[in-house]
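Next come the chains, spelled out residue by residue.
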Amino acid sequence: MRQGQQPGALAVIKYGAATRMSYFAGLGKAVAAAIAQNRIGSPVCLRAFFQLSADHGRLLQTMGEALAAASQWFSSPPARVFALGGIAAGEITAIVEYAGGQTALVCVGVLRNAPPLSNLLLIGNRGTLRFEDAPEIGEPGPANRPLLSAFEKSLAAQAPIEVR
Amino acid sequence: MIGVLLVAGGRTHQENFAPLFAADPRCRLIGVTDESDVPPERARWNGRFAGELGLPVLADFDQALARPDVHVASICVEPERRGRVAARAARAGKHLFLDKPLAASVEDARNIVAAVAQAGVRSHMDTLVRTPLADQARRALASGRLGELRAIHCDLLFAKGRAGTAPPGRPRREHFPPRSFTFVDSKREMYTTGVYSLALISWLTRRPPRRVWAVTANYFFAEHARHDVEDFGLIALTLEGGVTATLTAGRIGWSSDPLAGPNRLLLVGSRASLLLDAYRPRLEIYADEPPWTPPAINPGDPMGFWKSGQMEVNTKPKQSWIVPPSPELPTEAGYFLNCIEGNRESDMPAARAAEGIEVLMAAYRSAATGQVVEL
């Protein structure tokens, strides 16, 4: 750890409407930059919670965007996904295993009580990166379609699905 | 006066339990005992611990259990010995205060449960349910303000050990059944840490798990890789009624957290969600003062598992985050003494703890096969 840098201090991340970048795209790039600077070693596990919209119809889109952001942080491609929860219940969870053994555990829920929740803990083999926000979300951004498709299949099958 | 017999001593959680019993005016510590054939190193730690507390070493385990002034056995032997040791203590008519996890196999766990039932004694496993975080969660669920519970997500990761030494890029291959659980320099972390969150989930929801899926990994430590045990585990459960539960458990390195490690809980209800963090509210202090540095590696306890091991290398407390005092809750020991005095069942008896072992073993089976395991 560098002199004067406090563990757990939130990184200052610039994103959002000012740059006309979607929320997750901005977040994804900021985290990727921290990873590129080797601040936490090799990312090995992501734990993330998002409750951004009261609309059940946006759950999958949010999951797809979150997975798209997350997948750029790991050094290997997604290999398997396991889905839990359900759209009707307003809570879906994706567990993604990457080819290199890394894991991402992403929970997306309907926003039922203010404020919105955007919370991630990215664990590296030599440190952790945390991000907390209560954002107002604008237009949707790009989703990871193959991973989202595997997620939907897993949700239907209630079993892990290989990502192709 | 309730007599407490300490089964195993130093370099176990007895270092935490014994002072709690000793501080309770209802208790008297009787002595330290263990099985007669323990390795010399274990016998040495037991003797040293007894000496530090001014207690006798009671060399004959059965005679120690037969003493009429012993009412409670505080059992902290290695997981692989817990099944037979706890069952023997129960059959001797002693109430059991049990280190977690309950046992190293489903069979051992069931033996303990059967012995407890047969002897009619009380039992209790140490967990983290008597903490402000658990208490807040329990009160939130009981109030009904979250609505119907839809999901519960727990993270408990300990910031100890020198991370970054695990061989990179080698996905872990799990084996089933797991055979060894603890070494001087490593533990199976899904087992030893995940049990806390499994107990919390069970305690809060009272819903048995129906489906289990898990992943284990070696992300951080060469020590764990060398012994082929995981330093990280992830478990996904579907509880009775379709409630989703997930947990992450492991050890992430001394410098990976400003305090003890992430410890948080997200409750998702049909009306509201609640994210609880064991370290919120907190004071955060950043100042022109020397930064905290990890302790020197203690060859006798390289991961800082034990209070004694940390003291030997003069481990300094981290000071950036300060958590204000919470309303006082009973200690695990005090709670169990209340149960004994009130002749009532603990909320974490051996029977419930045994359910946790069933889930953990299903999780290891899932991690080894890659399949969902039905319970």
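Residues numbered from 1 in each chain as written. Chains lettered and ligands numbered in written order. Predicted model: local features only at pLDDT ≥ 70, side-chain atom pairs only at ≥ 80, totals over all residues.

Points about the overall build of chain A
This is how the line gets drawn: Strands are runs of DSSP state E lasting at least two residues, helices are runs of H or I lasting at least four, and both sets are numbered from the N terminus onward. Residues are called buried when their C-beta atom has 20 or more other C-beta atoms within 10 Å, exposed when it has 12 or fewer, and partly exposed otherwise; all C-beta atoms are positioned from the backbone. Distance between backbone-placed C-beta atoms decides contact: two residues are in contact if it is within 7 Å.
Along the backbone of chain A there are three helices and seven strands. Taken from the N to the C terminus, the helices and strands of chain A come in the order α-β-α-β-β-β-β-β-α-β. For chain A, buried positions account for 51% of its 164 residues. Relative to all contacts within chain A whose residues are 6 or more apart in sequence, the contacts with residues 24 or more apart total 68%.

Describing the interface of chain B and chain A
Stated precisely, the cut-off is as follows: For this classification, Asp, Glu, Lys and Arg are treated as charged, while Ala, Val, Leu, Ile, Met, Phe, Trp, Tyr, Cys and Pro are nonpolar and the rest, including Gly, are polar.
Between chain B and chain A, the residue contacts involve 41 residues of the former and 39 residues of the latter. Within the residue set of the side of chain B that touches chain A, elements represented by two or more residues are strand S7 (149–158), strand S8 (209–217), strand S9 (232–239), strand S10 (244–251), strand S11 (263–269) and strand S12 (273–277) of chain B. The class makeup of the residues in the side of chain B that touches chain A is 23 nonpolar, 13 polar and five charged.

Details of unusual backbone geometry
All names here are of chain B. At the junction of phenylalanine 176 and proline 177, the peptide bond is cis and its omega measures out at 0° in the coordinates. Position of proline 177 relative to the elements: it lies in the loop between S7 and helix H7 (189–192). Here the amide bond leading from arginine 280 into proline 281 is cis, since omega sits at -5°, within 30 degrees of zero. Relative to the elements of secondary structure, proline 281 occurs in the loop between S12 and strand S13 (283–284). In this model, alanine 8 sits at a positive phi of 80°, which is unusual for a non-glycine residue. Of note, alanine 8 is situated in the loop between strand S1 (2–7) and helix H1 (14–23).

Looking at the domain arrangement of chain B
All names here are of chain B. Put simply, the test is: The split of the chain into domains comes from an automatic or database domain assignment.
Segmentation of chain B into domains returns domain 1 (2–121) and domain 2 (132–331 + 359–374). Of the residues lining the interface, 12 residues belong to domain 1; the matching set on domain 2 comes to 11 residues. Of all the elements in the fold, those that place two or more residues in the side of domain 1 that touches domain 2 are H1 and helix H4 (79–91). Looking at the side of domain 1 that touches domain 2 element by element, the count peaks at three residues for H1. Grouping the amino acids of the side of domain 1 that touches domain 2 by side-chain chemistry returns five nonpolar, two polar and five charged.

Considerations on the sheet that holds strand S6 (residues 123–125) of chain B
Residues and elements named next belong to chain B. Going by this rule: Strands are labelled as partners when DSSP assigns at least two bridges between them.
Spatial strand order, S3-S2-S1-S4-S5-S6: six strands in an open sheet with parallel pairing. Across the chains shown, the open sheet's two edge strands, defined by having one partner strand only, are strand S3 (57–58) and S6. Where strand S4 (residues 72–75) meets strand S5 (residues 95–98), four bridges bridge the pair, whose relative direction is parallel. Considered in S5, the bridge of isoleucine 75 is made with leucine 98.

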